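Structural characterization, general
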Amino acid sequence: QQQVKQSPQSLIVQKGGISIINCAYENTAFDYFPWYQQFPGKGPALLIAIRPDVSEKKEGRFTISFNKSAKQFSLHIMDSQPGDSATYFCAASNLGDDKIIFGKGTRLHILP
Amino acid sequence: NAGVMQNPRHLVRRRGQEARLRCSPMKGHSHVYWYRQLPEEGLKFMVYLQKENIIDESGMPKERFSAEFPKEGPSILRIQQVVRGDSAAYFCASSRLDGDTQYFGPGTRLTVL
């Protein structure tokens, strides 16, 4: 049973465009939703995270939109750049639990 | 301030051998987590440890896998009698407190021939 579903599996965006990655979760006990960025050969790095008490969080070109009733959240990358090309993972966890549940990842490629 | 360190970065073993993966958490962090990433997959939780204690091993295979985090030294993930299906990237993460942000190391890529 996959608790965090992520789409699309891969995404190609023109430089300057908006990249959108979507995730859905099942467990209503989740209360922390981080996004991780992973470059080839590297470990995942925390990019941005949100808690369900807000509907949106923005940090620079990266925005998380959160819809609690639909149990969905998404990552928007504005003005996408070739350096953003990486694999992005959405994730969820429950305060008081120790494990992070990851989506399967989205391989993003930004065309120069 | 060094991040999470893992070694070796790459490890090749033949079927039946043992693999030992080491993880040194960030300075000031006493919580260590191990995850496994299969090709084209997300990371899957394996085990959560604090110094000298296994807190949650619900993601660990019941056989051949073990983990420890001694009072002194790095955390060790040990895989006995490796099989080809163990080939994966193994990531360690650490946090300062329970439920706090987890910071990941660069991973150990295990290849079983």
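Everything below is about the structure shown above.
Reference entry: report on the structure contained in this document. Only a predicted model underlies this, so the values are computations on that prediction, with no experimental measurement involved. (Residues numbered from 1 in each chain as written. Chains lettered and ligands numbered in written order. Predicted model: local features only at pLDDT ≥ 70, side-chain atom pairs only at ≥ 80, totals over all residues. Heavy atoms only, no water.)

Considerations on a nonpolar patch on the surface
Residue and element names in this part refer to chain A. Taken together, the side chains of I18, I20 and M78 make up a nonpolar region of the molecular surface, amounting to roughly 240 Å² of accessible area. By the element assignment, M78 lies in the loop between β8 (72-77) and β9 (86-92). On the basis of relative accessible area, M78 is assigned to the partly exposed category, the value being 35%. (Patch = residues over 30% accessible without salt bridge, like charges linked within 9 Å, V, L, I, M, F, W, Y side chains within 5 Å. Areas by Shrake-Rupley, 256 points an atom, 1.4 Å probe, with all protein chains shown as cover. Salt bridge = Lys/Arg side-chain N within 4 Å of Asp/Glu carboxyl O. Helix = DSSP H or I, 4+ residues; strand = E, 2+ residues; numbered from the N terminus. Buried < 20%, exposed > 50% of the residue type's maximum accessible area, 1.4 Å probe, protein only.)

Remarks on the nonpolar core
Core analysis: the biggest nonpolar cluster contains 25 residues, and F30, F33, W35, F73, L75, Y88 and L108 of chain A have the highest contact counts within it. Among the elements of the structure, β2 (10-14), β3 (19-25), β4 (33-38), β5 (45-50), β7 (62-67), β8, β9 and β11 (106-111) of chain A are those that each provide at least two residues to this core. Take this core: its biggest share by element is four residues, from β9 of chain A. When sequence neighbours within four positions are dropped, the list of residues in contact with L108 of chain A reads L11, V13, S19, I77, D84, S85, A86 and Y88 of chain A. Among the nonpolar cores identified, the runner-up in size contains 23 residues, and M26, W34, M46 and A67 of chain B belong to it. (Core = buried A, V, L, I, M, F, W, Y, C linked by side-chain atoms within 4.5 Å. Contact = heavy atoms within 4.5 Å.)

Notes on the pattern of salt bridges
By the definition in use, this model includes eight salt bridges over all chains. For K57 of chain A, the salt bridge is made with E59 of chain A, and the minimal N-O distance between the two is 3.7 Å. Residue class for K57 of chain A comes out partly exposed when judged on its relative accessible area of 32%. Exposure remark for E59 of chain A: the relative accessible area of 36% places this residue in the partly exposed category. A salt bridge links E41 of chain B to K104 of chain A; its shortest N-O distance comes to 3.7 Å. Of this pair, E41 of chain B sits in the loop between β4 (31-37) and β5 (43-50) while K104 of chain A sits in the loop between β10 (101-102) and β11, each in a different chain. Connected through salt bridges with shared partners, the residues K104 of chain A together with E41 and K44 of chain B form a single ionic network.

Details of the layout of surface pockets
Here the largest pocket is characterised by a volume of approximately 500 Å³. T87, F89 and R107 of chain A together with Q37 and E40 of chain B are, among the 23 residues lining the largest pocket, the residues nearest its centre. Listing elements by their share of the lining of the largest pocket, those giving two or more residues are β9 and β11 of chain A. Its residues placed into classes, the lining of the largest pocket shows seven nonpolar, 10 polar and six charged. (1 Å grid on protein atoms, 1.4 Å probe; cavity = no way out; pocket = protein on both sides within 12 Å on 5 of 7 lines; lining within 4 Å. Points joined across faces, edges and corners; volume = space filled by probe spheres on them. Nonpolar A, V, L, I, M, F, W, Y, C, P; charged D, E, K, R; others polar.)

What to know about the sheet that holds β8 of chain A
Two modes of strand pairing occur in sheets, parallel and antiparallel, and in both the strands are linked by backbone hydrogen bonds. All names here are of chain A. Taken in spatial order, the five strands of this open sheet run β1-β3-β8-β7-β6, and their pairing is antiparallel. Only two strands of the sheet have a single partner each, and these edge strands are β1 (4-7) and β6 (56-59). With strand direction ignored, the average angle separating the axes of adjacent strands in the sheet is 15°. Looking at chain direction, β6 and β7 are connected through four bridges and run antiparallel. Residue pairing across strands places K58 opposite T63, the latter belonging to β7. (Pairing = 2+ DSSP bridges. Axes fitted to C-alpha atoms, helices over the stretch in contact; angles between N-to-C directions.)

Some words on the interface of chain B and chain A
Interfaces are often described in size by the accessible area the parts lose on coming together. Chain B puts 21 residues into the contact, and the matching count from chain A is 18 residues. Overall, the association of chain B and chain A removes approximately 1,600 Å² of surface from exposure, summing both partners, and the carbon and sulfur fraction of that is 50%. Interface area lost by chain B to chain A is led by E40, L43 and F104 of chain B, which between them contribute 27%. One can count two salt bridges joining chain B with chain A. A salt bridge links K99 of chain A to D56 of chain B, with the shortest nitrogen-to-oxygen separation between them at 3.1 Å. On inspection of chain B and its partner chain A, the count reaches five residue pairs in polar contact (both at pLDDT 80 or more). For the side of chain B that touches chain A, the secondary-structure elements that each account for two or more residues are β4 and β5 of chain B. Taken together, the residues of the side of chain B that touches chain A sort by class into eight nonpolar, seven polar and six charged. (Buried area = accessible area lost by both parts, 1.4 Å probe. Polar contact = N/O pair within 3.5 Å; in protein donor to acceptor, adjacent residues only side chain to side chain.)

Points about the sheet that holds strand β7 (residues 65-68) of chain B
Residue and element names in this part refer to chain B. In space, the four strands of this open sheet follow the order β1-β3-β8-β7, with antiparallel pairing throughout. The open sheet has two edge strands, β1 (5-7) and β7, and neither has a second partner. Each strand axis lies, on average, 15° off the axis of its neighbour in the sheet, ignoring direction. Sheet topology note: the β1/strand β3 (residues 19-24) ladder contains three bridges and is antiparallel. Within the sheet, the bridge partner assigned to Q6 lies in β3 and is C23.

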